[in-house]
Every structure is written in C-alpha cells, then in structure tokens.
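# Remarks on the overall topology
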Amino acid sequence: MAKKITKKIKLVIAAGKATPAPPVGTALGPAGINIGEFVTKFNEATRGMEGLVPAEINVYEDRTFDFVLKTPPASSLIKKALGIEKGAGKTPSQKVGTITRKQLEEIAQVKMVDLNANDLEAAVKIIAGQCRSMGVEVR
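Just so it is clear, the structure is predicted and the values come from calculations on it, not from any experiment. (Residues numbered from 1 in each chain as written. Predicted model: local features only at pLDDT ≥ 70, side-chain atom pairs only at ≥ 80, totals over all residues. Heavy atoms only, no water.)

## Quick look at the side chain of Asn58
- By the element assignment, Asn58 lies in strand β2 (residues 52–60).
- If we ignore the near neighbours within four places in the chain, the residues touching Asn58 are Ile5, Lys7, Lys8, Thr64, Phe65 and Asp66. (Helix = DSSP H or I, 4+ residues; strand = E, 2+ residues; numbered from the N terminus. Contact = heavy atoms within 4.5 Å.)

## A word on the packing of helix α3 (residues 74–82) against helix α4 (residues 101–111)
- Close contact between α3 and α4 brings their axes to 10 Å; oriented N to C, the two are set at 145 degrees. Between α3 and α4 lies a crossing of right-handed hand. Of the residues in α4, those in contact with Ala74, Leu77, Ile78, Ala81 and Leu82 of α3 are Gln103, Ile107, Val110 and Lys111.
- Residue classes in the contact of α3 with α4 are distributed as 7 nonpolar, 1 polar and 1 charged. (Axes fitted to C-alpha atoms, helices over the stretch in contact; angles between N-to-C directions. Left-handed = near helix turned anticlockwise from the far one by under 90°. Nonpolar A, V, L, I, M, F, W, Y, C, P; charged D, E, K, R; others polar.)

## As for the UniProt feature "domain: Large ribosomal subunit protein uL11 C-terminal" (unreviewed entry) in the protein chain
- Here, UniProt's "domain: Large ribosomal subunit protein uL11 C-terminal" (unreviewed entry) annotation points to residues 70–138.
- With 51% helix and 9% strand, the stretch residues 70–138 has end C-alpha atoms that lie 25 Å from each other. (UniProt positions renumbered as here; feature names shortened; annotations may be inferred.)

## A word on the pairing of β2
- In terms of burial, β2 is a largely internal element, 7 of the 9 residues being buried.
- In the sheet, strand β1 (residues 5–14) pairs with β2 via 9 bridges, with the strands oriented antiparallel. Looking at the pairing, Leu11 lines up with Ala55 of β2.
- With 5 bridges connecting them, β2 and strand β3 (residues 65–69) associate as antiparallel partners. What sits directly across from Glu56, in β3, is Val68.
- Taken together, β2 and the strand that follows it, β3, pair antiparallel across an intervening segment of 4 residues, in which Arg63 is found at a positive phi of about 70 degrees. (Buried < 20%, exposed > 50% of the residue type's maximum accessible area, 1.4 Å probe, protein only. Pairing = 2+ DSSP bridges.)

## Describing the pattern of salt bridges
- Considering all chains together, one arrives at 6 salt bridges under this definition.
- Between Arg101 and Glu121 there is a salt bridge whose closest N-O contact spans 2.6 Å. Placement of Arg101 in helix α4 and of Glu121 in helix α5 (residues 120–134) is noted, with a sequence separation of 20 residues between them.
- Notably, a salt bridge pairs Arg139 with Glu137, separated by 3.1 Å at the nearest N-O pair. (Salt bridge = Lys/Arg side-chain N within 4 Å of Asp/Glu carboxyl O.)

Rendered as structure tokens:
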C-alpha cells in the first residue's frame, strides 16, 4: 500500500547551497523530517546546477520524504540571458533591456516541462509576458 502524504512543502533554494539554517530548517522542522538528510540529498542532486532551484517536498506519515526538483524561475533565466541584476521597478515606463525571439525560445525550451503550454509557441508567449512584467522589451 502506498504511503500517505501528510504535508507538501515548496521551497526555492540556491543549487548546492542548502543548509539547515532558515529558511530550510524553519520550513522542514515542523514537518518532523530529518533536515540534515534533506540538505545532503538536495545538495547532491543540485551539484551541477546554478542559481535558484524550486523543490517540492512530500512528507509522509512515517516522517520519510521525497522531493522533486523544478526548473529555475523564468525571471532568473531572463535576468541571466540579459545580464541584468533585477527587473524594472516601474513597468511599463521603465525598461531594463531588450530580449530577442531566439532568447525567448531558449528560455521557453528550458521551462517547457513546468509550463502549462501545449507547444513552444505558447511557451514563448508565457515567457514574453513575464519579460514585459519585468520591464524587458520584447523584440
């Protein structure tokens, strides 16, 4: 019989740099799972990655857990592609950069597994919308 999930936790942690300190410890402590074990497994799974990595953690009734790693947030991929530190503070009047169609397609291909899109064209439109909300001009 399958184990019963008692709690689902979503965290965004720097790849390979998880520690038992907050926010990881404060999120996982009340769930009753072994924080050190999670930190070790997460850091091992994200060793080759860089940037922020979202993780969905399922905690079971016997205090065991598993986690699924997601792709990095679209905003961090956009910032990396443009070489900017942050988006515009006052969109639509302030622009921080311009993104090309090719860059949009590359980001959409990376994010495709996590997006609610049927094809690449729909994924590109979703990423373009994220760009506009960050103050990035879409070409």
